[in-house]
Amino acid sequence: MTPSRSLLIHSALCLATFDDARREVTDGAVLVRDGRIVAVGNRADMPAEAWTADERIDASGHVITPGLINTHHHMFQSLTRAVPGAQDCTLFDWLRRLYPIWARLTPEMIRVSTQTAMAELMLSGCTTTSDHLYLYPNGCRLDDAIEAAQQMGMRFHASRGSMSVGEANGGLPPDCLVDSETAILKDSQRLVEAWHDPADGAMLRIALAPCSPFSVSRELMRDTAALARHYGVGLHTHLAETAADVAYTREKFNCTPAQYAEQLGWIGSDTWHAHCVCLDEHGLDLFARTRTGVAHCPSSNMRLGSGIAPVARMRARGVAVGLGVDGSASNDTGHMVLEARMAMLLARVRENNPAAMSARQALEVATRGGAEVLGRDDIGQLAVGKCADLVAFDVRGLDFAGTLHDPLAALLFAAPAKAALAVINGRVVVRDGQLLPVEAPVLAAQHNRLARQLLQA
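Cut-offs used in this document
- Residues numbered from 1 in each chain as written.
- Predicted model: local features only at pLDDT ≥ 70, side-chain atom pairs only at ≥ 80, totals over all residues.
- Heavy atoms only, no water.
- Helix = DSSP H or I, 4+ residues; strand = E, 2+ residues; numbered from the N terminus.
- Buried < 20%, exposed > 50% of the residue type's maximum accessible area, 1.4 Å probe, protein only.
- Contact = heavy atoms within 4.5 Å.
- Pairing = 2+ DSSP bridges.
- Axes fitted to C-alpha atoms, helices over the stretch in contact; angles between N-to-C directions.
- 1 Å grid on protein atoms, 1.4 Å probe; cavity = no way out; pocket = protein on both sides within 12 Å on 5 of 7 lines; lining within 4 Å.
- Points joined across faces, edges and corners; volume = space filled by probe spheres on them.
- Nonpolar A, V, L, I, M, F, W, Y, C, P; charged D, E, K, R; others polar.
- Phe/Tyr/Trp six-rings, centres within 6.5 Å; stacked < 30°, edge-to-face > 60°.
- Lys NZ or Arg CZ within 6 Å of the ring centre and 35° of its normal.
- Parallel < 35°, antiparallel > 145°, perpendicular 65-115°, else oblique.
- Left-handed = near helix turned anticlockwise from the far one by under 90°.

1. So, the overall build of the protein
Here comes step 1: Along its length, the protein carries 14 helices and 19 strands.
Here comes step 2: By its C-alpha atoms, the protein is 65 × 45 × 45 Å across when sized along the principal axes.
Here comes step 3: Burial statistics for the protein: of 457 residues in total, 63% are counted as buried.
Here comes step 4: Here the contacts in the protein between residues at least 6 apart in sequence split such that 75% fall between residues at least 24 apart.

Printed below as a string of structure tokens:
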């Protein structure tokens, strides 16, 4: 029998649990055993066994939160950040510029870009991430991303994306990047059977994710939904991202994006849509009534000039909303604290109301909101029995000077911080601001070599 492994993190300046009572504890502590939280609260209230834990970490001067949860990403795009000619484009032109470059991706590039994206996320306080890989040239497989992720120790929702309608049939992607729908469904089934873990506390889950209304058929959307529900896995796609996206759906399918999703069975608590910038009133009501999730991607939406999603209104109506950094070619960073800050500020701009979203509400979107969107109740909060996914931010430096009367809000009002400590499933993966699973300088050098190779081909 494997001996019990325990960890105590104690003396935190502020411990924000985001539990059902939204407790915020001074001199906070968390006791972890075998990847689960067994006690959380004030240091003085910890059980005696806490002080004989296998490892004890002093978090003085730190703010502890649940691990942040990223609900939308395209990790391969970290190879094509700030590409000349794509820096100032709207969505469709941006895609047309980058599709020919992405057609040269290799399995090695998928593996290295996945690890680079995950490293960046982990260093910004993210402990669970999804990824939407929707093109598979030159022998690339979702397995490449999954195997790379396992080396990082990050909780992972891997989405089997797909594109089946190319330019020849009125779609946006080049024909060389689309696959037959029979092959897509066959590989989707293979991946679910090979990798998906439905258990509470799972480190890896699979979702099925046809890319968008302008790159797949209605038939593939319907068949994918049926397959996903047969196996009990999640559904994910892009929806209502831009005005051009809405116009395409109206022209091709004679309906709004929300009606498109409803007609094809793409609503429900097992489904989440990225962006939803242009979701109409019917769509807001539909998503709220059916508990359909939204991955809010504020920085990407700004970068591409797509608009501002009505997130404050979504949340007021009861729509499940999580946070997404989106692809690293449209952000171009994977900093989750920065993304939460952007969500807070943009909600205020959109509603012309500085009370539209508070710092705590934005952090809730980044934690509990992300957990709900991904269909999980085992992460997103610090409570007894939940997975031990947590992060700590050091607020003793100049960036936070003058903010310690409310250090939790300071995480978003002051300069976006890097995580000093990150724990995933009870395992320390960032210590003293340093990533432990891989050597960051070596990974960055590999990534830069492959990025040059990709763009110079």
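2. Details of the sheet that holds strand β1 (residues 6-12)
Strand pairing within a sheet occurs via backbone hydrogen bonds; the two strands may be parallel or antiparallel.
Here comes step 1: Taking strand neighbours across the sheet as the criterion, the 4 strands line up as β5-β4-β1-β6 in an open arrangement whose pairing is mixed. Strands at the two margins of the open sheet, each flanked by one partner only, are β5 (36-42) and β6 (55-58). Mean inter-strand twist for the sheet, computed between neighbouring axes without regard to direction, equals 10°.
Here comes step 2: Strand direction decides the pairing type here: strand β4 (residues 28-33) and β5, joined by 6 bridges, are antiparallel. When the bridges of β5 are listed, Ala 29 appears paired with Gly 41.

3. Describing empty space enclosed by the protein
One simple way to see leftover space: roll a probe sized like a water molecule over the atoms.
Here comes step 1: One pass over the structure, following the stated rule, counts 1 cavity of 30 Å³ or more.
Here comes step 2: Size it by volume and the largest cavity reaches roughly 120 Å³.
Here comes step 3: For the largest cavity, the lining is made up of 16 residues, of which Leu 91, Trp 94, Leu 95, Tyr 134 and His 238 are closest to its centre.
Here comes step 4: Here the element with the most residues in the lining of the largest cavity is helix α1 (residues 91-102); it accounts for 4 residues.
Here comes step 5: A class-by-class count of the residues in the lining of the largest cavity yields 8 nonpolar, 6 polar and 2 charged.

4. Side note on the packing of aromatic side chains
Here comes step 1: The full count for this structure, using the stated rule, is 8 aromatic pairs.
Here comes step 2: When the ring of Phe 76 is compared with that of Tyr 134, the centres are 5.7 Å apart and the planes differ by 80°; the resulting orientation is edge-to-face. On the criterion of sequence distance, the pair formed by Phe 76 in the loop between β8 (68-70) and α1 and Tyr 134 in the loop between β9 (126-133) and α3 (142-152) is long-range, its members being 58 residues apart.
Here comes step 3: Take Tyr 134: its relative accessible area is 3%, and that puts it in the buried class.
Here comes step 4: Where Tyr 99 meets Trp 102, the ring centres are 6.0 Å apart and the plane angle is 80°; that geometry is what we call edge-to-face. One end of the pair, Tyr 99, and the other, Trp 102, are both in helix α1, 3 residues apart, so they sit about a helical turn from each other.
Here comes step 5: According to the relative accessible area criterion, Trp 102 is buried, its value standing at 0%.
Here comes step 6: Taken together through their ring pairs, the aromatic side chains of Phe 76, Trp 94, Tyr 99, Trp 102 and Tyr 134 make up a single cluster.
Here comes step 7: The side chain of Arg 160 reaches across the aromatic face of Tyr 136, ending 4.3 Å from its centre.

5. Overview of the side chain of Ser 306
Here comes step 1: Counting through the fold element by element, Ser 306 comes out in the loop between α9 (298-303) and α10 (311-317).
Here comes step 2: The exposure class assigned to Ser 306 is buried, which follows from its relative accessible area of 10%.
Here comes step 3: Residues in contact with Ser 306, not counting those within four places in the same chain, are Glu 241, Thr 242, Val 277 and Asn 301.

6. Considerations on the packing of α3 against helix α4 (residues 181-195)
Here comes step 1: Close contact between α3 and α4 brings their axes to 11 Å; oriented N to C, the two are set at 25°. In this view, α3 runs roughly parallel relative to α4, as classed from their interaxial angle. The element α3 and its partner α4 pack so that their crossing is right-handed. Counting all contacts with α3, which are made through Leu 142, Asp 143, Ile 146, Glu 147 and Gln 150, the residues of α4 involved are Arg 190, Leu 191 and Trp 195.
Here comes step 2: Its residues placed into classes, the contact of α3 with α4 shows 4 nonpolar, 1 polar and 3 charged.

7. Re unusual backbone geometry
Here comes step 1: Residue Asp 332 follows Asn 331 across a cis peptide bond; omega there is -5°.
Here comes step 2: A positive phi angle is found at Ser 11, which is not glycine, with a value near 65°.
Here comes step 3: With a phi close to 85°, His 275 is a non-glycine residue in the positive phi region.
Here comes step 4: Its location among the elements puts His 275 in strand β13 (residues 271-275).

8. Structural notes on the side chain of His 447
Here comes step 1: For His 447, the position within the fold is in helix α14 (residues 440-456).
Here comes step 2: Discounting residues that sit within four places of it in the chain, His 447 has contacts with Ser 78, Leu 79, Val 112, Ser 113 and Thr 116.

9. A few points about the packing of helix α2 (residues 107-123) against α14
Here comes step 1: As a packed pair, α2 and α14 sit with axes 10 Å apart at the nearest point and diverge in direction by 130°. With respect to each other, α2 and α14 are oriented oblique. The handedness of the crossing between α2 and α14 is left-handed. Within the contact between the two elements, α2 uses Glu 108, Met 109, Val 112, Ser 113, Gln 115, Thr 116 and Ala 119 and α14 uses Leu 443, Gln 446, His 447, Arg 449, Leu 450, Gln 453 and Leu 454.

10. Here we look at the sheet that holds strand β7 (residues 62-66)
Here comes step 1: Read from one edge of the open sheet, 7 strands run β3-β2-β7-β16-β17-β18-β19, paired in mixed fashion. In this open sheet, the two edge strands, each paired with only one partner strand, are β3 (24-25) and β19 (434-435).
Here comes step 2: Of the strand pairs in this sheet, strand β2 (residues 14-16) and β7 are connected by 2 bridges, and their pairing is parallel. Within the sheet, the bridge partner assigned to Leu 15 lies in β7 and is Ile 64.

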